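As a plain string of letters, each chain reads:
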Amino acid sequence: MQDRISYLESIIVQLKEENAAMAAMQAHLIENQEIQARLIKQLQTKREPQPMQKDRGEILRALLVANGGKMLAKDARKKMHLSKSQFSQLLASMQDHIEVKPYNIDKRKKILMLK
């Protein structure tokens, strides 16, 4: 009986240690989640466009104005001599000024319109 009690007491001590380790791990995981949430929020906040993006944005706006406020995205990209990725980044930075919609004749193409 005495052996059984000492065995159970050792199990209780072991479980308390495991419980403390789990509590520490849980606190660490909560801290990581808070850091991740903060980083996600920072990524989602709008950044100011770079100076070159501002210049290209003005050029694109002028190009659209010269074409009556509408233009195919492919034609605008070619006239500005930009790669697809650069043009995509430019459009993302100009969401407030330029609207991108599918072309009603050919849905695969995109049309740019001034807002």
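Structure: above.
Note that this is a predicted model, so its numbers are computed, not measured.

Reading the values: the criteria
Residues numbered from 1 in each chain as written. Predicted model: local features only at pLDDT ≥ 70, side-chain atom pairs only at ≥ 80, totals over all residues. Heavy atoms only, no water. Helix = DSSP H or I, 4+ residues; strand = E, 2+ residues; numbered from the N terminus. Rg over C-alpha atoms; globule rule 2.2 N^0.38 Å. Buried < 20%, exposed > 50% of the residue type's maximum accessible area, 1.4 Å probe, protein only. Areas by Shrake-Rupley, 256 points an atom, 1.4 Å probe, with all protein chains shown as cover. Lys, Arg positive; Asp, Glu negative; His and termini not counted. Charge placed at Lys NZ, Arg CZ, Asp CG, Glu CD. Patch = residues over 30% accessible without salt bridge, like charges linked within 9 Å, V, L, I, M, F, W, Y side chains within 5 Å. Salt bridge = Lys/Arg side-chain N within 4 Å of Asp/Glu carboxyl O. Contact = heavy atoms within 4.5 Å. Pairing = 2+ DSSP bridges. Axes fitted to C-alpha atoms, helices over the stretch in contact; angles between N-to-C directions.

Student: Looking at this structure, how should I read the overall build of the protein chain?
Tutor: Regarding its fold elements, the protein chain presents four helices and three strands. Taken from the N to the C terminus, the helices and strands of the protein chain come in the order α-α-β-α-α-β-β. For 115 residues, the compact-globule estimate of 2.2 N^0.38 gives 13 Å, and the C-alpha radius of gyration of the protein chain, at 29 Å, exceeds that figure by more than 25%. With respect to the principal axes defined by its C-alpha atoms, the protein chain has extents near 95 × 35 × 25 Å. For the protein chain, the proportion of its 115 residues judged to be buried stands at 17%. Total accessible area computed for the protein chain in this model is approximately 9,600 Å², and 55% of it derives from carbon and sulfur atoms. Each charge class in the protein chain was averaged separately, 21 positive and 13 negative side chains, and the resulting centres sit 19 Å apart.

Student: Just checking my understanding: could you explain a positive patch on the surface for this structure?
Tutor: On the surface, a cluster of positive charge is made up of Lys74, Lys78, Lys84 and Lys109. Relative to the elements of secondary structure, Lys74 occurs in helix α3 (residues 73–80).

Student: Just to check I follow, could you spell out the side chain of Arg77 for this structure?
Tutor: With respect to the helices, strands and loops of the structure, Arg77 is situated in helix α3. No salt bridge is formed by the buried Arg77; its nearest oppositely charged neighbour, Asp75, is found at 8.7 Å. Dropping the residues within four chain positions of it, Arg77 is found in contact with Leu82, Ser83, Lys84 and Phe87.

Student: Would you explain the sheet that holds strand β1 (residues 70–72) in this entry?
Tutor: Working definition: the strands of a sheet are paired by backbone hydrogen bonds and lie parallel or antiparallel to each other. The sheet built from three strands is open, its strands ordered β1-β3-β2 with antiparallel pairing. Here the strands that pair on one side only, and so sit at the sheet edges, are β1 and β2 (98–102). Within this sheet the neighbouring strands show an average axis-to-axis angle of 25°, counted without direction. Direction of pairing for β2 relative to strand β3 (residues 110–114): antiparallel, over a ladder of five bridges. Bridge pairing links Lys101 to Ile111 in β3.

All quantities given are derived from atomic positions and should not be read as evidence of function.
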